[in-house]
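Here is how the chains run, residue by residue.
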Amino acid sequence: PYNQKFAFESTLDGRVWRAPNWDWLLDAFKTMGLERIQLGLGLNTLRDQALDIAVRHGFTEATPAEDIALMHSELSEALEDIRAGKKLNEVWYEDRQPLPKPCGVPSEIADVVIRALHFCGKHNIDLESAVTEKMRFNNSRPFKHGKQF
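Quick look at the structure, then. (Residues numbered from 1 in each chain as written. Predicted model: local features only at pLDDT ≥ 70, side-chain atom pairs only at ≥ 80, totals over all residues. Heavy atoms only, no water.)

## A closer look at the side chain of N44
- Within the secondary structure, N44 is located in helix α2 (residues 43-56).
- There is a polar contact of 2.7 Å between the side chain of N44 and the side chain of D126. (Helix = DSSP H or I, 4+ residues; strand = E, 2+ residues; numbered from the N terminus. Polar contact = N/O pair within 3.5 Å; in protein donor to acceptor, adjacent residues only side chain to side chain.)

## A look at unusual backbone geometry
- In this model, Q97 is joined to P98 through a cis peptide bond whose omega is 5°.
- Following the sequence through the fold, P98 ends up in the loop between β3 (92-94) and β4 (101-103).
- Phi is positive for K144, which is not a glycine, with a value near 50°.
- Within the secondary structure layout, K144 lies in the segment after α5 (127-140).

## Things to note about the pattern of salt bridges
- Under the defined criterion, the tally for this structure stands at six salt bridges.
- Among the salt bridges present, the one from D48 reaches R47, with a minimum N-O distance of 2.9 Å.
- What makes D48 partly exposed here is its relative accessible area of 41%.
- R47 gets classed as buried once you look at its relative accessible area, which sits at 11%. (Salt bridge = Lys/Arg side-chain N within 4 Å of Asp/Glu carboxyl O. Buried < 20%, exposed > 50% of the residue type's maximum accessible area, 1.4 Å probe, protein only.)

What follows is the structure in structure tokens.
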């Protein structure tokens, strides 16, 4: 029997989608024109990649307010999955070409992060510095910031 562990496995429409390694996933990204995506990079590199992908796909005209609203819409989609009873870590796939579309709370949260990265790229925000500075400040605050909840 075939007992290889898969880095990626999901059931879609009764079919099991499997990838034996991350190289397979990266090859799939290449078929989508995403060959510049790399894993394990800093926030500013991911910011630059998110901006590059968005620009290449025509997402250039939104105002800052519209970009913020789009981030909020992704959070709303995550909330709708929770309200529908989906598990917080549940991912399922819609049959799309050339790749199945990931769905669920994790995918919607990923969309929030991607939209935030795109926003920071559009507006030349040094996200690594901003996150580091904010985390340092948050760590200095009292328990629950001195509030009850």
